[in-house]
Amino acid sequence: MVDVSRRGFLKGLAGVAGAGLLLGHARNGLGGAVRISSGTDVVPLGQTGIRTSVLGIGTGTNGGRQQRDLGTEGFTALLRHAYQSGVRYIDTADAYMMHVYIRQAMRGLPREEFFILTKTRARHPEVARADIERFRRELNTPYLDCVLMHCMTEGNFPTEMRPVLDVLLEEKAKGRIRAVGVSCHGYEPLVASVDCPDLDVHLVRINPFKLHMDEEVNKVVDEMKKMAAKGRGILGMKIYGETGYDTREKRYEAIKLALSLGCVHAFTIGFVKPEQIDETLELISQAAKELT
């Protein structure tokens, strides 16, 4: 069970969100708000011009191992179930070694319906350039919806990673990437990312239990609000803290927090069973009703 102090904290946080951000809504970065009623709602991702389903299927549980353990047929069945349920956001990364699995699972499905996000660990511009070509080939797609610089751990990354970022921006100008962003592992890089003007999208770790997060919840939320004010697309990760938690109640609490903030456009969760997708969609609908 969740302790009383955490419940009190979340109640206070929800009150602040309700006063300033419209509970159960995700700001679209253009001064309006998108009402979220379900995990399959398709919403604007900040000012990127991209639209995505609120719920995304993640492919990086334990570095992608659990999804790879499903095998090609098992993962295809999982992704097809997500698609048939209305999920259109796929979150992956070069480090997860899932591109080929995703290509196989998407065979015959309309590419234009999907928001595909992947990540590069490149630390040299030419490696980044080669990565983009390889990612497009591995995923069998002419364009990548979003490419993130993966796992930034230092506050000086906007300077140190500038050559890589410049390559991603060049690829964006050529139409091979639609949006450029970052995933941060650490509070200093998270703060630094806010003031990096060339970023379109932030992938941020957020859950009520500070599990695999970068700082206290309120501090992370403060930075997310700054990102939203700049029109950035904000995607939540570690919603279930990688563990899936041990109760439906905790999973509901995590979903409710993500929806209540008003600055999370969509979020990704790693699934290995179709029933996990079904439950999460139920929890999102339940939380959305409670918050509106």
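Above this note sits the structure.
1. As for the overall build of the protein chain
Logical step 1: Counting its secondary structure elements, the protein chain contains eleven helices and twelve strands.
Logical step 2: Burial analysis of the protein chain (292 residues in total) assigns 56% to the buried set.
Logical step 3: Of the contacts formed within the protein chain by residues at least 6 apart in sequence, a portion of 73% connects residues at least 24 apart.
Logical step 4: As displayed, the protein chain has an accessible area near 11,900 Å², and 50% of this comes from carbon and sulfur atoms.

2. Considering helix H7 (residues 162-173)
Along an α-helix, residues three or four positions apart point the same way, because every turn accommodates 3.6 residues.
Logical step 1: Given a rise of 1.5 Å per residue, twelve residues ought to cover 16 Å, and the 16 Å separating the end C-alpha atoms of H7 matches this to within 8%.
Logical step 2: Listed in full, the buried residues belonging to H7 are Val 164, Leu 165, Val 167, Leu 168 and Glu 171. Along the axis of H7, the buried positions cluster into a sector of 155°, meaning they face one direction only.
Logical step 3: In this structure, the buried side of H7 is in contact with helix H5 (125-139), strand S8 (144-152) and strand S9 (177-184).
Logical step 4: One or two positions beyond H7, positive phi appears at Gly 175, with a value near 85°.

3. Overview of the sheet that holds strand S12 (residues 266-270)
Logical step 1: Taken together, eight strands build a closed barrel; the order of strands is S5-S6-S7-S8-S9-S10-S11-S12 and the barrel is parallel. Mean inter-strand twist for the sheet, computed between neighbouring axes without regard to direction, equals 25°.
Logical step 2: With three bridges joining them, strand S6 (residues 89-91) and strand S7 (residues 115-120) adopt parallel strand pairing. For Ile 90, the partnering residue across the bridge sits in S7 and is Ile 116.

4. Notes on helix H3 (residues 71-85)
Logical step 1: With 15 residues, H3 should reach 21 Å at 1.5 Å per residue; the first-to-last C-alpha distance of 21 Å fits that figure.
Logical step 2: Taken as a whole, H3 has its buried residues at Phe 75, Thr 76, Leu 78, Leu 79, Ala 82 and Tyr 83. The buried residues of H3 occupy an angular sector of 165° when projected down its axis, which confines them to one face. Exposed side chains of H3 directed beyond 90 degrees from the buried face belong to Glu 73 and Gln 84.
Logical step 3: Where H3 is buried, its residues contact strand S5 (55-58), helix H2 (65-68), S6, helix H4 (99-106) and helix H11 (274-291).
Logical step 4: Immediately beyond the C-terminal end of H3, within one or two residues, lies Gly 86, with a positive phi of roughly 105°.

5. Let's talk about unusual backbone geometry
Logical step 1: A positive phi angle is found at Met 97, which is not glycine, with a value near 60°.
Logical step 2: Positionally, Met 97 belongs in the loop between S6 and H4.
Logical step 3: Within the chain, His 212 stands out as a residue other than glycine whose phi angle is a positive 60°.
Logical step 4: Relative to the assigned elements, His 212 resides in the loop between strand S10 (201-205) and helix H9 (217-229).
Logical step 5: Residue classification places His 212 among the partly exposed residues on the basis of a relative accessible area of 38%.

6. A short note on the nonpolar core
Logical step 1: Core analysis: the largest hydrophobic core is formed by 78 residues, its most contacted members being Met 149, Ile 206, Ile 255 and Phe 267.
Logical step 2: Ignoring any residue separated from it by four or fewer positions in sequence, one finds Met 149 in contact with Thr 120, Phe 157, Met 161, Val 164, Leu 165, Leu 168, Gly 181, Val 182, Ser 183 and Leu 199.
Logical step 3: Among the nonpolar cores identified, the runner-up in size contains 13 residues, and Tyr 89, Phe 115, Val 201 and Leu 235 belong to it.

7. A word on the side chain of Asp 200
Logical step 1: Within the fold, Asp 200 resides in the loop between helix H8 (187-194) and S10.
Logical step 2: Among the polar contacts made by the side chain of Asp 200, one reaches the side chain of Lys 172 at a distance of 2.9 Å.
Logical step 3: In contact with Asp 200, not counting residues within four places along its chain, are Thr 48, Lys 172, Ala 179, Val 180, Arg 232 and Gly 233.

Quick notes on the rules
- Counting of residues starts from 1 at the beginning of each chain's written sequence and follows it residue by residue.
- With the structure being a predicted model, the display of local features is reserved for residues of pLDDT at least 70 and the display and counting of side-chain atom pairs for 80 or more, all residues being used for whole-chain, interface and lining totals.
- Heavy atoms from the whole structure form the basis of all side-chain values; hydrogens and water molecules are not counted.
- Each helix corresponds to a stretch of at least 4 residues labelled H or I by DSSP, and each strand to a stretch of at least 2 residues labelled E; elements are numbered beginning at the N terminus.
- Throughout, exposure labels follow a simple rule: accessible area from a 1.4 Å probe, protein chains only, divided by the maximum for the residue type, with under 20% read as buried, over 50% as exposed, and the rest as partly exposed.
- Residue contacts follow a heavy-atom distance rule, with two residues in contact if any of their heavy atoms lie within 4.5 Å.
- We get accessible surface area from the Shrake-Rupley algorithm with a probe of 1.4 Å; when it comes to residues, only the shown protein chains can shield them.
- Take the number of residues in a helix, subtract one, and multiply by 1.5 Å to get its expected span.
- Each C-beta atom gives one direction from the helix axis, and the arc is the one those directions make.
- The pairing criterion for strands is at least two bridges between them, as found by DSSP.
- Axis definition: a line fitted to C-alpha atoms, limited for helices to the stretch in contact. Angles are taken between N-to-C directions and run from 0 to 180 degrees.
- For the purposes of this section, nonpolar cores are sets of buried Ala, Val, Leu, Ile, Met, Phe, Trp, Tyr and Cys residues that join through side-chain atoms within 4.5 Å.
- Under the rule applied, a polar contact is a pair of N or O atoms within 3.5 Å (in protein, one hydrogen donor and one hydrogen acceptor; residues adjacent in sequence only if both atoms are side-chain atoms).

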